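For reference, the chains in residue letters:
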Protein chains: 2
Amino acid sequence: MPATAISPTRAEDYPEWYQQVVRAADLAEASPVRGCMVIKPQGYALWERMQAILDRMFKETGHVNAYFPLFIPLSYLEQEAKHVEGFAKECAVVTHHRLELGPDGRLIPTGKLEEPLVVRPTSETIIGAMYAKWIQSWRDLPVLINQWANVVRWEMRPRVFLRTTEFLWQEGHTAHATRAEAEEETRKMLEVYATFAERDLAIPVIKGPKPAGERFPGAVDTLSIEAMMQDGKALQAGTSHFLGQNFAKAQNIKFASVSGAEEFCWTTSWGVSTRLIGALIMTHSDDDGLVVPPRIAPHHAVILPISRTDEERAAVLEACRGLEASLVAASFAGEAIRVKTDARDIRGGDKVWQYVKQGVPVRIEIGPRDLAAGVASVCRRDRGTKEREAIPLAELPARLPAILAEMQQGMFERAVAFREARSVRLGSADELTRYFGRDDAGFAWVHVADDPAVAAVLDPLKVTVRCIPMDGPDEPGKCVVTGREVGRRSVLARAY
Amino acid sequence: MPATAISPTRAEDYPEWYQQVVRAADLAEASPVRGCMVIKPQGYALWERMQAILDRMFKETGHVNAYFPLFIPLSYLEQEAKHVEGFAKECAVVTHHRLELGPDGRLIPTGKLEEPLVVRPTSETIIGAMYAKWIQSWRDLPVLINQWANVVRWEMRPRVFLRTTEFLWQEGHTAHATRAEAEEETRKMLEVYATFAERDLAIPVIKGPKPAGERFPGAVDTLSIEAMMQDGKALQAGTSHFLGQNFAKAQNIKFASVSGAEEFCWTTSWGVSTRLIGALIMTHSDDDGLVVPPRIAPHHAVILPISRTDEERAAVLEACRGLEASLVAASFAGEAIRVKTDARDIRGGDKVWQYVKQGVPVRIEIGPRDLAAGVASVCRRDRGTKEREAIPLAELPARLPAILAEMQQGMFERAVAFREARSVRLGSADELTRYFGRDDAGFAWVHVADDPAVAAVLDPLKVTVRCIPMDGPDEPGKCVVTGREVGRRSVLARAY
């Protein structure tokens, strides 16, 4: 065993470390279809946890789920292309609906479609077309619908979880009678994402609007949550768009108001994707592999029986099963403790390293000596792999939830401290250039105007304005590029 | 209001009645994309309930979820076409990966793919390709994976939920070291489906193998569950395939056995789809609309406040909220009672009919007079719309679970009785022809051999052998077509 389970380490080669963490934790792998990943059971279990928590939050905020077609008629995107600059172009296009076996044993696409279909890159157009039918009166509003779905955006340089041709996501699409209500919805869903990121994923995020050039095509305002990865780069972890009446006008989504006047709806859309798994990995994991915050962990703990003889084995296993039963009856964060006993007959060291690399928060080892002393050896994934604490078996059901809560909080605080240590306030364009020339660049809080001249300075640095923090202090100052007065600093960073 | 909420009635025009029930309950509608449906929130809520219960059952039987690509390289299907007669031909084919805006404002598909991609009609080939990589040794077996996904099979004559170009489903794919284990898995998952259908959907099913001509292409054995709809036709509600080593050989899924010998795996696949929603509708609904068994109902009950004056309204609403809180604390079938209060200020009659048509199992009305008497008027969806029982408010939390249990059981028994009344035992080909000439034909239990000669007789009648019931009695007899001795009767019917 090398000094660390993952090679290279983060310091040696961060992008390759990421790939190796994904591999060591068995989360996903490339598929034979270029750009498409296979999400393996260990990775999908993380997505299922995310779905369960988010879905509950969406429902608690009044949303319902529905399902819209995978395919979008080409004419819908043509309609959008007329109204919107920068609509999605890298799309999978379906042109035929049949396969016929040729004389040489090859399959030939036949049944050419009159109108090609596009595999949805996002669903504003197809959902909007339905809303135009469904919404007649103010009584039909608001419409608050979410969809869990797969989407496709052709990727030339795919990267597992972060950028793949097909990915899984949820997309909320809402329609409202007033601008104020739609704006409130946009902010509310950003809050849902921020709460989820910080409370459940232990990923601190900065919330705020994007500058014009970084908005979703057609949006009046795009709000995002931005997280810092351990290489100092930003990752956009979720977006919430206020679409104004732009899509409603393009798609004729109208309603009769209380006064009887015909008005266009105000719409929003918001989404997070399997990209969050990439954010989770890059925020918390270390040179021994994945580290998962307890709230999102498929298993909070794993119990490992340790024995040499058959006689030992029976006694140890019995104790493990007993402990498992008592732990399942305990709860953490409002849910039953998720624990399993791994009784496979393989080398103990292999097992331990498997769970280290998979990031299970707590390992509980029970051997004959522990049993004699009435204790278990408890190892936390957020501590060194050699560190362990002997805890009386009878106390574990009460102690484990506290340990998990402490880990969850500790991981969040560590990530906040890391981000703060890698954040600076800069006062000039020169400082910006110098800062982003450093290897340890992170987030720069800078006064910049929402102006193309700013992008022209940042582009060569491969830096973007991530957002204008909503929770940042009011602090007027002059744009370091244009000299124009702005109300507060923006956050600038390199980004995934 | 006509005599019934749905027009036409089942007796007048069964296929059109089905469409109207779907519309009245707001479950789904056709989309602008030919053959693709939009599953609306009321319909999707049914699918979510099905997913939640089935997913739990899959996990309890040792399965995990994963996600595989939407796209399948054409060469994979060519490979399959060499091995398998009757593989899927009506597929959506992706040939381009980019859209470019032409000078006339039209979008043009560009970026032609070297190899076309097929949108998955089912995932045996792409999942098998991954299994071939993942499985090396007997220690890697069994692999027990399920996927929740959308699939596409081009449909010329779509019918909402029953036959649509895109539909949602789950597909289990497992690999085993021995034939016996794979066969056991095939039967076990059929049992899971049958239990779910009968216990949760209250749909009685007949389990058994299909004749050779009705098997999944490439399967050694296809087991299905068959339900009878209210027009006497059969609906295949789930299938479980024993694939033998056919797919393993075509895809080179091999493992080193305990003895070190290289062997091909034995594989299975099994699935149910949004078609189950169609089965649910056609089994239980009546001429007033949808009827949903309590276990699968998104809401077990709805509370309707009834008042004329503002003063009444406040008192009644308070009582409703209090009742809601006490009902939520009660449980049915191991889950908290799902109940909501509908306080919308619209005509009471409209509300009542909305919930009748949506099939909410129990309506609980509270008006000033009820309040004065300390009771609620309880109306069951499985009884006449005028029938109601006054139940003391304090007793409802204890009574409602019993009412729901009685409804669940009653709906199942009613469906069994219907099926038995529409089932016959026939002894000759002539009887078959006469029976399926009748308007009220249903299931015919007949001795038939698994032989193409049988299909030749049944085809003109538009009848198929649904399955050879596993739980049917051993009852040897002569095939009514070939005269060959067979061990038991098959079930023959027209089918969806």
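Structure's up top.
Residues numbered from 1 in each chain as written. Chains lettered and ligands numbered in written order. Predicted model: local features only at pLDDT ≥ 70, side-chain atom pairs only at ≥ 80, totals over all residues. Heavy atoms only, no water.

1. Thoughts on the sheet that holds strand β15 (residues 301-305) of chain B
Residue and element names in this part refer to chain B.
At step 1: Spatially, five strands are ordered β18-β15-β19-β20-β21 in an open sheet, and the strand pairing comes out mixed. The sheet is open, and its two borders are formed by β18 (339-341) and β21 (389-392), each paired with just one other strand. On average, adjacent strands in this sheet sit at an angle of 30° to one another, irrespective of strand direction.
At step 2: Examined bridge by bridge, strand β20 (residues 375-380) and β21 share four bridges and lie antiparallel to one another. Within the sheet, the bridge partner assigned to S377 lies in β21 and is A390.
At step 3: Sheet strands in contact with helix α8 (residues 310-328) are β15, β18 and β19 (362-366), and its direction is about 170° off that of β18.
At step 4: Across the sheet, helix α11 (residues 396-421) is in contact with β15, β19, β20 and β21; its angle to β20 comes to roughly 10°. (Pairing = 2+ DSSP bridges. Helix = DSSP H or I, 4+ residues; strand = E, 2+ residues; numbered from the N terminus. Axes fitted to C-alpha atoms, helices over the stretch in contact; angles between N-to-C directions. Contact = heavy atoms within 4.5 Å.)

2. Considering the side chain of K210 of chain A
Residues and elements named next belong to chain A.
At step 1: For K210, the location among the structural elements is in the loop between β9 (206-209) and β10 (221-228).
At step 2: A polar side-chain atom of K210 sits 2.9 Å from a polar atom in the side chain of Q236.
At step 3: Within the structure, K210 has its side chain in polar contact with the backbone oxygen of R466 (distance 3.0 Å).
At step 4: Once residues within four sequence positions are removed from consideration, K210 is found in contact with R215, T222, S224, E226, Q236 and R466. (Polar contact = N/O pair within 3.5 Å; in protein donor to acceptor, adjacent residues only side chain to side chain.)

3. Regarding the relation of the copies chain B and chain A
Note: a rotation about an axis with an accompanying shift along it relates these two copies of the chain.
At step 1: Superposing chain B onto chain A requires a rotation of 180° together with a translation of 0.0 Å along the rotation axis, leaving an RMSD of 0.0 Å. Both copies are brought into coincidence by an operation consistent with a two-fold rotation axis. For chain B, the residue whose C-alpha comes nearest the rotation axis is V94 of chain B, separated from it by 2.1 Å.
At step 2: The overlap is high: 100% of the interface residues of chain B also sit at the interface in chain A, so the same surface is used on both sides. (Least-squares fit on C-alpha atoms with pLDDT ≥ 70 in both.)

4. Examining helix α5 (residues 179-200) of chain A
All names here are of chain A.
At step 1: Given a rise of 1.5 Å per residue, 22 residues ought to cover 32 Å, and the 31 Å separating the end C-alpha atoms of α5 matches this to within 8%.
At step 2: Taken residue by residue, α5 has A182, E185, T186, M189, L190, V192, Y193, A194, F196, A197 and D200 as its buried positions.
At step 3: Positive phi shows up at A202, right after α5, with a value of about 55°. (Expected span 1.5 Å × (residues − 1). Buried < 20%, exposed > 50% of the residue type's maximum accessible area, 1.4 Å probe, protein only.)

5. Here we look at the sheet that holds strand β3 (residues 64-65) of chain B
Residue and element names in this part refer to chain B.
At step 1: Across the sheet, which stays open at both edges, the seven strands sit in the order β3-β7-β8-β14-β11-β10-β9 with mixed pairing between neighbours. Looking at which strands have only one partner, the edges of the open sheet turn out to be β3 and β9 (206-209).
At step 2: Across four bridges, the pairing between β9 and strand β10 (residues 221-228) is antiparallel. Looking at the pairing, I206 lines up with E226 of β10.
At step 3: Strand contacts of helix α4 (residues 124-134): β7 (143-152), β8 (166-176) and β14 (266-273), with the helix running at about 30° to β8, the strand carrying the most contacts.
At step 4: Relative to the sheet, helix α7 (residues 275-284) contacts β10, β11 (234-242) and β14, its axis offset from that of β11 by approximately 145°.

6. So, the interface of chain B and chain A
At step 1: Every contact between the two is made by 63 residues of chain B and, on the other side, 63 residues of chain A.
At step 2: Counting each side, the surface lost to burial between chain B and chain A is near 5400 Å², with a carbon and sulfur contribution of 67%.
At step 3: Among the residues chain B hides against chain A, the three largest losses belong to Y67, L99 and L107 of chain B. Together they make up 13% of the total.
At step 4: Linking chain B with chain A are eight salt bridges.
At step 5: Between chain B and chain A we count 34 residue pairs in polar contact (both at pLDDT 80 or more) in total.
At step 6: Per element, the largest residue contribution to the side of chain B that touches chain A is eight residues, and it comes from strand β5 (residues 93-101) of chain B.
At step 7: Taken together, the residues that form the side of chain B that touches chain A break down as 43 nonpolar, seven polar and 13 charged.
At step 8: When strand β5 (residues 93-101) of chain A meets β5 of chain B, the two strands line up antiparallel, connected through three bridges. Residue pairing for β5 of chain B: V93 of chain A is matched across the bridge by H96 of chain B. (Buried area = accessible area lost by both parts, 1.4 Å probe. Salt bridge = Lys/Arg side-chain N within 4 Å of Asp/Glu carboxyl O. Nonpolar A, V, L, I, M, F, W, Y, C, P; charged D, E, K, R; others polar.)

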